[in-house]
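The chain contents come next:
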Amino acid sequence: GGAANALKRDIEAAIADRERALKRGAAQPAGVDLTMPARAEWRGGLHLVTQVVDEICEIFHELGFTRAVGPEAETERYNFYALNFPKDHPALDAQDSFHLGGDVVLRTHTSPVQIRTLETYPPPVRVVIPGRCYRRDPFDASHSPVFEQIEGLAVDDRLTFVDLKATLSTFARRFFSSDTVVRFRPSYFPFTEPSAEMDVRCQICRGSGCPSCKQTGWMEILGSGMVHPAVLENCGVDSEKYTGFAWGMGPERIAMTRHGIPDIRLFSESDVRFLAHFATPIR
Ligand code: DAH
């Protein structure tokens, strides 16, 4: 007890000494002005593509979709064959992919996660799947070998093309503006039948024609369709009982459309002026 008390007195005395010294300004080394304001803190922010992905997923969340993810390295079965690509289908050449050896590729789209989801969760299912994809594409103003996609999938009884159109046009109006005009054009994908691409009125010229929309007045923002019965059956889902719709969209393209960004390379060049222009503080 005596020793502890002595120690306590020593510590109290040392603290008092130090306090007096600090008050005299003895802590200030010569040539340093401690009253100078500090430099502004450097803060990180979310990349524009991350912001757009989060915002899109949030809109679909409000519409009843849950976020899901899948691997970036996929087998050819998930990336192509379970999605109803025939072995000799020309899309296999068009989707020129990076092979990692064996039957493993870097996924060329997020559609393989449709298969993984349906294999794991019985319908009803409503998911949005953001993720990075890879293609042997040139690196130019409108292509990048690495890019983001957001896949969507809804499987339930009695889903029809009307649900697809209503869901996707509601998305476009919430994301762009409430008066956004959309159109659906017939298209083809092996994993959907029928298939359609959705365009929105060009956000830059409002439809009158400009270089960004190649004078058409429209910007294509996604591919979609009713899930092909063969895809459902490949996942063990009864295609007599269930139907579904799906879509895939490119958040970079959508961000470019909304913000009038002319070149996709800006997203990955890490130019601080570009990044800071769109960065929002992390909440
Ligand atoms: N996977 C297609 C692509 O990368 C996009 C797509 C089209 C996804 C239609 C879908 C869909 O789910 O239904 O080009």
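Residues numbered from 1 in each chain as written. Predicted model: local features only at pLDDT ≥ 70, side-chain atom pairs only at ≥ 80, totals over all residues. Heavy atoms only, no water.

Chemist: Help me understand the overall build of the protein chain in this model?
Modeler: Scanning the protein chain from N- to C-terminus turns up nine helices and twelve strands. By the compact-globule yardstick of 19 Å for 283 residues, the protein chain is too spread out, its C-alpha radius of gyration being 28 Å. Projected onto its principal axes, the C-alpha coordinates of the protein chain cover approximately 85 × 55 × 40 Å. Taking the average location of the 32 positive side-chain charges in the protein chain and that of its 37 negative ones, the two points are 8 Å from each other. (Helix = DSSP H or I, 4+ residues; strand = E, 2+ residues; numbered from the N terminus. Rg over C-alpha atoms; globule rule 2.2 N^0.38 Å. Lys, Arg positive; Asp, Glu negative; His and termini not counted. Charge placed at Lys NZ, Arg CZ, Asp CG, Glu CD.)

Chemist: What am I meant to see in the site of the ligand here?
Modeler: His109, Gln114, Arg135, Gln149 and Glu151 are the nearest of the 15 residues found near the ligand. At 2.9 Å, a side-chain N or O of glutamine 114 approaches an oxygen atom of the ligand. Measuring from an oxygen atom of the ligand, one finds a side-chain N or O atom of glutamine 149 at 2.9 Å. Burial of the ligand by the protein chains amounts to 91% of its free accessible area of 360 Å². Those elements that place two or more of their residues in the shell around the ligand are strand 7 (146–156), strand 10 (218–227) and strand 11 (243–249). Of the residues in the shell around the ligand, the class split is four nonpolar, nine polar and two charged. (Near = heavy atom within 4 Å. Polar contact = N/O pair within 3.5 Å; in protein donor to acceptor, adjacent residues only side chain to side chain. Areas by Shrake-Rupley, 256 points an atom, 1.4 Å probe, with all protein chains shown as cover. Nonpolar A, V, L, I, M, F, W, Y, C, P; charged D, E, K, R; others polar.)

Chemist: Hey, could you run me through the pairing of strand 10 in this one?
Modeler: For a regular strand, the rule is simple: side chains alternate between the two faces of the sheet. The buried fraction of strand 10 is high, at nine of ten residues. In terms of strand pairing, strand 9 (residues 192–201) meets strand 10 through eight bridges, oriented antiparallel. Each bridged residue has a counterpart across the sheet, and for methionine 198 the counterpart in strand 10 is leucine 222. Inspection of the sheet shows strand 10 paired to strand 11 by five bridges, in the antiparallel sense. When the sheet's bridge partners are listed, leucine 222 is paired in strand 11 with methionine 249. (Buried < 20%, exposed > 50% of the residue type's maximum accessible area, 1.4 Å probe, protein only. Pairing = 2+ DSSP bridges.)

Chemist: When you look at the layout of surface pockets in this model, what are you seeing that I'm missing?
Modeler: Over the atoms a probe the size of a water molecule is rolled, and this reveals where empty space is left. If you add up the space inside the second largest pocket, you get close to 300 Å³. Of all the secondary structure elements, the ones that give two or more residues to the lining of the second largest pocket are helix 2 (48–62), strand 6 (125–134) and strand 7. Here the residues of the lining of the second largest pocket are counted per class, giving seven nonpolar, five polar and four charged. (1 Å grid on protein atoms, 1.4 Å probe; cavity = no way out; pocket = protein on both sides within 12 Å on 5 of 7 lines; lining within 4 Å. Points joined across faces, edges and corners; volume = space filled by probe spheres on them.)

Chemist: Any chance you could explain a nonpolar patch on the surface here in plain terms?
Modeler: Together, Leu7, Ile11 and Ile15 give the surface a local cluster of nonpolar side chains, amounting to about 290 Å² of exposed area. Topologically, leucine 7 is positioned in helix 1 (residues 2–24). (Patch = residues over 30% accessible without salt bridge, like charges linked within 9 Å, V, L, I, M, F, W, Y side chains within 5 Å. Salt bridge = Lys/Arg side-chain N within 4 Å of Asp/Glu carboxyl O.)

Chemist: It is not clear to me how the packing of helix 2 against helix 8 (residues 251–259) should be interpreted in this structure. Could you clarify?
Modeler: Helix-helix packing: each pair is described by the crossing angle between the helix axes and the interaxial distance. Where helix 2 contacts helix 8, the two axes come as close as 9 Å, and the packing angle between them is 100 degrees. As summarised for this structure, helix 2 and helix 8 are arranged roughly perpendicular, according to the angle between their axes. Across the interface between the two elements, Leu48, Val49, Val52, Val53, Glu55 and Ile56 of helix 2 pack against Pro251, Glu252, Ile254, Ala255, Arg258 and His259 of helix 8. (Axes fitted to C-alpha atoms, helices over the stretch in contact; angles between N-to-C directions. Parallel < 35°, antiparallel > 145°, perpendicular 65-115°, else oblique. Contact = heavy atoms within 4.5 Å.)

Chemist: How do you make sense of helix 6 (residues 161–175) when you look at a structure like this?
Modeler: An α-helical segment advances 3.6 residues per turn. Residues three or four places apart therefore align on the same side. Here helix 6 spans 21 Å end to end across 15 residues, near enough to the 21 Å set by a 1.5 Å rise per residue. In the core, the buried residues of helix 6 are packed alongside helix 2, strand 8 (182–189), strand 9, strand 10, strand 11 and helix 8. (Expected span 1.5 Å × (residues − 1).)

Chemist: In this structure, what is going on with the sheet that holds strand 2 (residues 66–67)? I would like to understand it.
Modeler: Across a sheet, strands are paired by hydrogen bonds formed along the backbone, either parallel or antiparallel in direction. Here seven strands make up an open sheet; going across it, the order is 2-6-7-11-10-9-8 and the pairing mixed. The sheet is open, and its two borders are formed by strand 2 and strand 8, each paired with just one other strand. Note that strand 2 and strand 6 share two bridges and pair parallel. Along strand 6, the bridge assignment pairs threonine 66 with valine 127. Against the sheet, helix 6 touches strand 8, strand 9, strand 10 and strand 11, its axis set at about 150 degrees to strand 10.

Chemist: How do you make sense of the environment of aspartate 137 when you look at a structure like this?
Modeler: Looking at the secondary structure, you find aspartate 137 in the loop between strand 6 and strand 7. Looking at aspartate 137, the relative accessible area reads 30%, which means it is partly exposed. Sequence separation between aspartate 137 and aspartate 96 is 41 residues; the distance between their C-alpha atoms is 7.8 Å. Discounting chain neighbours no more than four positions away, the residues touching aspartate 137 are His143, Ser144 and Pro145.

Chemist: Hey, could you run me through the sheet that holds strand 3 (residues 73–75) in this one?
Modeler: Pairing is antiparallel in the open sheet, where three strands are placed in the order 3-5-4. Two strands in the sheet have a free side with no partner beyond their single neighbour: strand 3 and strand 4 (99–101). Pairwise comparison of adjacent strand axes, ignoring direction, gives a mean angle of 35 degrees for this sheet. Note: strand 4 against strand 5 (residues 104–106), two bridges, orientation antiparallel.

Chemist: When you look at the pattern of salt bridges in this model, what are you seeing that I'm missing?
Modeler: Once the charged atoms of two side chains with opposite charge are near each other, the side chains can pair. Tallied over the entire structure, the rule returns 13 salt bridges. A salt bridge links aspartate 54 to arginine 67, with the nearest nitrogen and oxygen atoms 3.2 Å apart. Separated by 13 residues along the polypeptide, aspartate 54 in helix 2 and arginine 67 in strand 2 bring together distant segments of the chain. On the accessibility criterion, arginine 67 (47% relative accessible area) is partly exposed. Arginine 116 is paired through a salt bridge with glutamate 74; the nearest N and O atoms lie 2.8 Å apart. Here glutamate 74 lies in strand 3 and arginine 116 lies in helix 5 (residues 112–120), a separation of 42 residues in the sequence. Overall, the relative accessible area of 1% leaves glutamate 74 in the buried class. Among the ionic contacts, a cluster of salt bridges with common partners joins Arg183, Arg185, Glu197 and Asp199.

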